[in-house]
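Now for the letters of each chain:
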Amino acid sequence: MEIKRIAKCGTFESNDIYVIVEPNSDGGVEINLESIVMKQFGEQIKKTIDETVKSFGIKSIKITAKDRGALDYTIKSRVETAIKRAL
Amino acid sequence: MINAALREIPEYIKGYGKVKPFEGAFKNINKAQKANVSLNCKSSNDDKVVSSIEEVLKKCGIRDGMTLSFHHHLRNGDYVLNMVMEEVARLGIKDIKVAASSIFPIHEPLVELIKSGVVTGIYTNYMSGPVAQAVSLGYLKYPAIMHTHGGRARAIESGDLHIDIAFIASPACDTYGNINGVEGRAACGSLGYAIPDAMYADRVVAITDNLLPYPLCPIEISQEYVDYIVAVEEIGDPKGIVSGTTKITKDPVGLKIAKLASSLIEESGLLKDGFSFQTGAGGTTLAVAAYVKEIMKRKNIKGSFAAGGITGYIVEMLEEGLFTSLFDVQCFDLKAVQSYRDNKNHQGMSASMYGNPHNKGAVVNMLDVMILGATEVDTDFNVNVTTGSDGFIMGGSGGHSDTAAGAKLSIVTTQLIKGRLPIVADRVTTVTTPGETIDAIVTERGIAINPKRKDLIEKLKGSKLPIMSIEELKNLAVKITGIPQRYENNGKIVGVVEYRDGTVIDVIRQVQ
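Residues numbered from 1 in each chain as written. Chains lettered and ligands numbered in written order. Predicted model: local features only at pLDDT ≥ 70, side-chain atom pairs only at ≥ 80, totals over all residues.

Engineer: I'm lost on the sheet that holds strand S3 (residues 29–35) of chain A in this one. Help?
Structural biologist: Whether parallel or antiparallel, the strands of a sheet pair through hydrogen bonds between backbone atoms. Residues and elements named next belong to chain A. An order of S1-S2-S4-S3 is seen for the four strands of this open sheet, with the pairing classed as mixed. Here the strands that pair on one side only, and so sit at the sheet edges, are strand S1 (7–9) and S3. Direction aside, neighbouring strands of the sheet carry axes that sit 10 degrees apart on average. Pairing geometry for S1 and strand S2 (residues 17–22), over three bridges, is antiparallel. By the bridge assignment, lysine 8 is partnered in S2 with isoleucine 20. Helix H1 (residues 38–55) rests against S3 and strand S4 (61–67) of the sheet, and its axis sits at about 145 degrees to S3. Strands in contact with helix H2 (residues 72–86) are S1 and S2; relative to S2, the strand with the most contacts, it is inclined by about 30 degrees. (Pairing = 2+ DSSP bridges. Helix = DSSP H or I, 4+ residues; strand = E, 2+ residues; numbered from the N terminus. Axes fitted to C-alpha atoms, helices over the stretch in contact; angles between N-to-C directions. Contact = placed C-beta atoms within 7 Å.)

Engineer: Looking at this structure, how should I read the interface of chain B and chain A?
Structural biologist: Reports often express the size of an interface as the amount of accessible area lost when the parts come together. If you look at the interface, chain B gives 11 residues, while chain A gives 14 residues. Grouping the constituent residues of the side of chain B that touches chain A by class yields four nonpolar, five polar and two charged. (Nonpolar A, V, L, I, M, F, W, Y, C, P; charged D, E, K, R; others polar.)

Engineer: When you look at the nonpolar core in this model, what are you seeing that I'm missing?
Structural biologist: A general tendency of soluble globular proteins is for nonpolar side chains to be buried together. Residue and element names in this part refer to chain B. Membership of the largest hydrophobic core comes to 189 residues, with the highest contact counts inside it found for Val80, Ile168, Val205, Ile411 and Ile441. Residues lining this core come from more than one domain, with at least three contributed by each of domain 1 (46–241) and domain 2 (252–488). Among residues more than four places away in sequence, those in contact with isoleucine 168 are His71, Ile179, Ala194, Ala198, Val204, Val205, Ala206, Ile207 and Ile221. (Core = buried A, V, L, I, M, F, W, Y, C linked by C-beta atoms within 7 Å. Buried ≥ 20, exposed ≤ 12 C-beta atoms within 10 Å, placed from the backbone. Domains from an automatic or database assignment.)

Engineer: How should the domain arrangement of chain B be read in this particular structure?
Structural biologist: All names here are of chain B. Domain assignment breaks chain B into domain 1 (46–241) and domain 2 (252–488). Here the C-alpha centroids of domain 1 and domain 2 sit 29 Å apart. With 29 residues of domain 1 in contact, the opposing surface of domain 2 contributes 33 residues. Put simply, the parts of the chain that give the side of domain 1 that touches domain 2 at least two residues each are helix H4 (130–136), helix H5 (149–158) and helix H6 (195–200). No other element matches H5, which puts seven residues into the side of domain 1 that touches domain 2.

Engineer: Looking at this model, I keep getting lost on the environment of B:Gly399. Mind explaining?
Structural biologist: All names here are of chain B. Topologically, glycine 399 is positioned in the loop between strand S20 (383–384) and helix H13 (400–406). The class for glycine 399 is buried, based on 28 C-beta atoms found within 10 Å. Sequence separation between glycine 399 and asparagine 125 is 274 residues, and the spatial gap between their C-alpha atoms is 8.4 Å.

Engineer: How should helix H9 (residues 283–298) of chain B be read in this particular structure?
Structural biologist: Residues and elements named next belong to chain B. Taking 1.5 Å of rise per residue, the 16 residues of H9 would be expected to cover 22 Å, and the 23 Å separating its terminal C-alpha atoms lies within 8% of that figure. Within the sequence span of H9, burial applies to Thr284, Thr285, Leu286, Ala287, Val288, Ala289, Val292 and Met296. Elements in contact with the buried residues of H9: helix H8 (252–268), strand S14 (276–279), strand S15 (303–310), helix H10 (312–319), strand S18 (369–372) and strand S21 (409–413). At the exit of H9 stands asparagine 300, carrying a positive phi of roughly 55 degrees. (Expected span 1.5 Å × (residues − 1).)

Engineer: Would you take a moment to explain the sheet that holds S15(B) for this structure?
Structural biologist: Residue and element names in this part refer to chain B. Read across the open sheet, the nine strands follow the order S17-S16-S15-S14-S18-S21-S25-S26-S27; overall the sheet is mixed. This sheet does not close on itself; its edge strands, each paired only once, are strand S17 (346–348) and strand S27 (467–468). The pairing of S21 with strand S25 (residues 440–443) spans three bridges and is classified as parallel. Bridged to threonine 413 within S25 is valine 442. The strands that H9 touches are S14, S15, S18 and S21; relative to S14, the one it contacts most, it runs at about 155 degrees.

Engineer: Is there a simple way to explain unusual backbone geometry in this structure?
Structural biologist: Residues apart from glycine generally show negative phi values, whereas peptide bonds are mostly found in trans. Residue and element names in this part refer to chain B. The amide bond that connects tyrosine 214 to the next residue, proline 215, takes the cis arrangement and shows omega of -5 degrees. A cis amide bond links cysteine 217 to the next residue, proline 218, at an omega of -5 degrees. Note on placement: proline 218 falls in the loop between strand S12 (211–212) and strand S13 (228–231). Not every positive phi belongs to a glycine, and arginine 75 is a case in point at roughly 45 degrees. Relative to the helices and strands, arginine 75 is located in the loop between strand S4 (67–70) and helix H2 (80–90). One non-glycine residue, aspartate 95, lies in the positive phi region at around 60 degrees. Inspection of the secondary structure puts aspartate 95 in the loop between H2 and strand S5 (96–100).

Structure, rendered in C-alpha cells:
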C-alpha cells in the first residue's frame, strides 16, 4: 500500500498520541518521535509504530508522533487510523 | 557506601562535605544541642526602620559567602526573595547561599544569579520551576541541599544551617519589628516556617508593604528577634499567594482512590473520638478529607485536631465541630487566612513545633492519620516526591517525611499509572521518604499494606478492600504499561537529600 497524502490522528491530551503520516520522498520508514516517557518507553513506542506500519505492507512513509504517555493499543489505533486516512 | 534506604551514596560529596548516611527513621532521635545566637542589642534610642534594601544589606554587613534565608508563605506570589537578591547582585556580592524554605516558578531570576556565581548554594525543602530545572542541569556550583520542613527547623536550631541574614516577608509589621501575616494586601496567615529563621539568624530583616504604628496586634513574630525593617511597595502578588490546588478532585480515578483510602482509615480502627488527621492540598487528598468527613458525621465522631498547611476545606470541618482545633504552619487559601485570624481554635505553629525530630515533641508525633502523595513508590515502600521519572527535580519532601514518621497510619494515595509510567516500581528515582515510615499505598486498582505493619494486616483480615502485596500492585501496573527501560545516571551530584535528622538518604544526579 502507498501513502498518498498527509493525514493525522490523535490529540495532545494526556495518555494520547498525536500522529502525522506523510509520503516519504526518500523512501523507507522514517519515524520521528517525541515522548514524555522517551527514556523509559521510547524504543517500545517506535517498535509499536513500526509493527503497525508493517502490518499494512507499507514500505515508504514518514511518521511524526508526539506522545503524551499513550499505551500500546492507543498508539496502534492512532497510527492505523492516520494511515487509513492517508491511503 | 550503602545507607539504610539501600541507596549507594558517597562518603564525601564535594561542596557538601562528609556524609552522615541515613541509618533508619528513628535511629537519631535521642539527644540534641541547640546553637548559640549572637546578636546586636538595641537600646531605646535605636531606630529599626531602614529606607532601602541596599541600606539594610550594608547595615547587616553583607559580604561574599553569606547565607541568606527566606520563607515561602507568599508561595508563587513572593516578590521578596527576588527583590533582595537583585540588590545583592547589584552590590557585586558573590557566592551567596540561598536558604529558602521553598522555591517556586516566580523565583526564576535566581537562575541568572546561579549562572553568574552570585548564588552558589541552595538549601530548600521543595523547589519547582526554572530554578529546579537549572539545578537539575548542573548550573549550581555546590549541590543543592534538600531538607524536610521539620528537618530545616532542626538544621537551623542545631546550627547545621547557620543563617547570616533572614528576610521575613511581612504582610503587617510595626515600626519596632512586630510581625503578623493576617493583615494587609499580602495577608498569608500563619508564618510558621519563618519562625526558626527569626529566632536563630544573626540578623533578621522584616520586609513589609504594610508598615503600621507600634504596637501591632496580634503578634506572630515579635520585636525581640527583628533587627531592621524595610518598607517596600509590594511584598507579593495576592493572586499567587493563594494556592490553586485547594479544590476537591472531580476526576473519577482520584475519587475512587480517595474513597478506598477513607474506607481503609475507617477499618484501621483509628477513626474514633479524638481522631487527628492531616492531608496535603492536592485534589485527591482533599477528597479523602471529604469522605472522612462523611464518615465522621455519620458515626457522630468528634476529632481532636487537624494539622499542616491548612485549606478552607479543613476549616469547614473545624467550624462544623468535627475537630476541636487546627495547627497551622501555612495557610493555603483565603478562607484559611480568615479563620486563622478570627478563630482562636485555629492555632499557629512553627516549623519546629510541626515536624522537628530534635525538639521535645513535634505535632506530627500526635497525628493518627496522614494522607500523602507520591511521584513514585518502590516495592520497599520508599516514596519519591523530589524528582520526576525523568530525573528533574520537581518538588521535595516538604512535610512528607516528617508526617510519615510521626503518624500512626501514613497512607500514600496515588494513581497506579500516570502518563504510561507505572508509579509502583522496583526502584524509585530518588528516595524522599523511607519505606519503613509508610504504612499503606492506596491506588485505584488495589491497596498494599507494609508487611512491617502486622497489626494492621491482622486488623484488615476479612476486609472487602482490594488488599494485595506491593509486588502484585507493581505487576498490575507493568502489565498495562509494559516494562520501562532502566537507565543508570552516573552524572555529577547536583542535590543531596537530607532526611529530617540530617543524615543523607539519597543524592540527585545531573540530568544527562
